[in-house]
Amino acid sequence: MSSDEPGVTPFHSAQASFSKFQRQYQQTLDRWTPHVVQRWLSTFFLLALFMLRIVLSQGWYIVCYGLAIYLLNLLLAFLQPKFDPSLEDDLLADEIEEGGDQSVPVLPSQRDDEFRPFVRRLPEWQFWLSATRATLISIFCTVSEIFDVPVYWPILVVYFCVLFALTMRRQIQHMIKYKYIPFDIGRKARYGGSK
């Protein structure tokens, strides 16, 4: 096709190259999917590189604080179940208060009841991808002086530590109250194979 044809415009060629880039990006992500340890090691390497940049330059504390808050938010979403039992209890109580059907079937809640696997609110893949993107954006932000806002950084560190301790305490209390463990620990059951 020559560029003199009426159907080919610069917009179409830009759109075609953008879709080609999207396919290549998706193929790269698809190739990385089964390599969990390598993915997380690369993210920790990027985080270490970012922290080294912050420490050596002695600046961009606001960017570091924003990244830390975002990563804490991702961690909390990773640790929480997709279907929160406390919300289900609240919805059931509201429905009973409003005079709704009181014979609503309740999901198993005791040890002898049916097994329900733990489904995360934020899957591991999305957690990794979001954390890596946020770290790359933060590294990119440290290139520009616009994001280097002067701030007294010990206040940010103390505030983040207090925020982390309070939110993790609340999350652990929630895990104890509703009896769930967000990690798959212990012996894995193997079926049909040799030991």
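As shown above, the structure is provided for reference.
Here's a quick rundown of the structure. It should be emphasised that the depicted structure is a prediction, and the values quoted were computed from it without experimental measurement. (Residues numbered from 1 in each chain as written. Predicted model: local features only at pLDDT ≥ 70, side-chain atom pairs only at ≥ 80, totals over all residues. Heavy atoms only, no water.)

What follows is about the overall build of the protein chain. On a plain count of helices and strands, the protein chain comes out with six helices and zero strands. Of the regular secondary structure in the protein chain, the N- to C-terminal order runs α-α-α-α-α-α. Per-residue burial for the protein chain yields a buried fraction of 25% across its 195 residues. Relative to all contacts within the protein chain whose residues are 6 or more apart in sequence, the contacts with residues 24 or more apart total 81%. On the protein chain, roughly 15,200 Å² of surface is accessible, and the fraction owed to carbon and sulfur atoms is 64%. (Helix = DSSP H or I, 4+ residues; strand = E, 2+ residues; numbered from the N terminus. Buried < 20%, exposed > 50% of the residue type's maximum accessible area, 1.4 Å probe, protein only. Contact = heavy atoms within 4.5 Å. Areas by Shrake-Rupley, 256 points an atom, 1.4 Å probe, with all protein chains shown as cover.)

On the surface, a cluster of nonpolar side chains totalling about 330 Å² of accessible area is made up of Phe-18, Phe-21 and Tyr-25. Tracing the backbone shows Phe-18 in helix H1 (residues 10-32). Given a relative accessible area of 49%, Phe-18 falls into the partly exposed group. (Patch = residues over 30% accessible without salt bridge, like charges linked within 9 Å, V, L, I, M, F, W, Y side chains within 5 Å. Salt bridge = Lys/Arg side-chain N within 4 Å of Asp/Glu carboxyl O.)

This brings us to the packing of aromatic side chains. Counted according to the given criterion, the structure contains nine aromatic pairs. Feature note: the residues Trp-40, Phe-44, Phe-78 and Phe-127 constitute an aromatic cluster, connected by ring pairs. When the ring centre of Trp-128 is taken as origin, the NZ or CZ atom of Arg-39, which lies over that ring, is 5.1 Å away. (Phe/Tyr/Trp six-rings, centres within 6.5 Å; stacked < 30°, edge-to-face > 60°. Lys NZ or Arg CZ within 6 Å of the ring centre and 35° of its normal.)

If you look at soluble globular proteins, the nonpolar side chains tend to sit buried side by side. With 26 residues, the main nonpolar core has Phe-50, Ile-54, Leu-67, Leu-71, Leu-74 and Phe-127 as its most contacted residues. When residues of this core are traced back to their parent elements, those giving at least two are helix H2 (36-57), helix H3 (61-79), helix H5 (124-141) and helix H6 (153-178). Among the elements that take part in this core, H3 stands out by supplying eleven residues, more than any other. Among all residues touching Phe-127, those that are not within four sequence positions of it are Trp-40, Leu-71, Leu-74, Leu-75, Phe-78 and Leu-122. (Core = buried A, V, L, I, M, F, W, Y, C linked by side-chain atoms within 4.5 Å.)

Further remarks concern the environment of Leu-71. Tracing the chain through its elements places Leu-71 in helix H3. Classification of Leu-71 by relative accessible area gives buried; the value is 19%. Note: C-alpha distance between Leu-71 and Ala-134 (63 residues apart in sequence) is 8.3 Å. Those residues within four positions of Leu-71 in sequence are excluded, and the remaining contacts are Leu-47, Phe-127 and Ala-131.

Attention now goes to the pattern of salt bridges. All chains considered together, the criterion is met by one salt bridge. Residues Arg-39 and Glu-124 are paired through a salt bridge, measuring 3.2 Å at the closest nitrogen-oxygen approach. Of this pair, Arg-39 sits in helix H2 while Glu-124 sits in helix H5, and the two are 85 residues apart along the sequence. Arg-39 gets classed as buried once you look at its relative accessible area, which sits at 1%.

One can describe the packing of H3 onto H5 by two numbers: an axis separation of 10 Å at closest approach and a directional angle of 180°. When the axes of H3 and H5 are compared, the pair comes out roughly antiparallel. Counting all contacts with H3, which are made through Val-63, Leu-67, Tyr-70, Leu-71, Leu-74, Leu-75 and Phe-78, the residues of H5 involved are Glu-124, Phe-127, Ser-130, Ala-131, Ala-134, Thr-135, Ser-138 and Cys-141. Residues of the contact of H3 with H5, tallied by class, amount to eleven nonpolar, three polar and one charged. (Axes fitted to C-alpha atoms, helices over the stretch in contact; angles between N-to-C directions. Parallel < 35°, antiparallel > 145°, perpendicular 65-115°, else oblique. Nonpolar A, V, L, I, M, F, W, Y, C, P; charged D, E, K, R; others polar.)

Once that is clear, we can look at the packing of H2 against H5. At their nearest, the axes of H2 and H5 sit 10 Å apart, and the two run at 25° to each other. By the angle between their axes, H2 is roughly parallel relative to H5. Note that H2 runs across H5; the crossing there is left-handed. Contacts between H2 and H5 involve Val-36, Arg-39, Trp-40, Ser-42, Thr-43, Leu-46, Leu-47, Leu-49 and Phe-50 from the former and Glu-124, Trp-125, Phe-127, Trp-128, Ala-131, Thr-132, Thr-135, Leu-136, Ser-138 and Ile-139 from the latter. The residue inventory of the contact of H2 with H5, partitioned by class, reads twelve nonpolar, five polar and two charged. (Left-handed = near helix turned anticlockwise from the far one by under 90°.)

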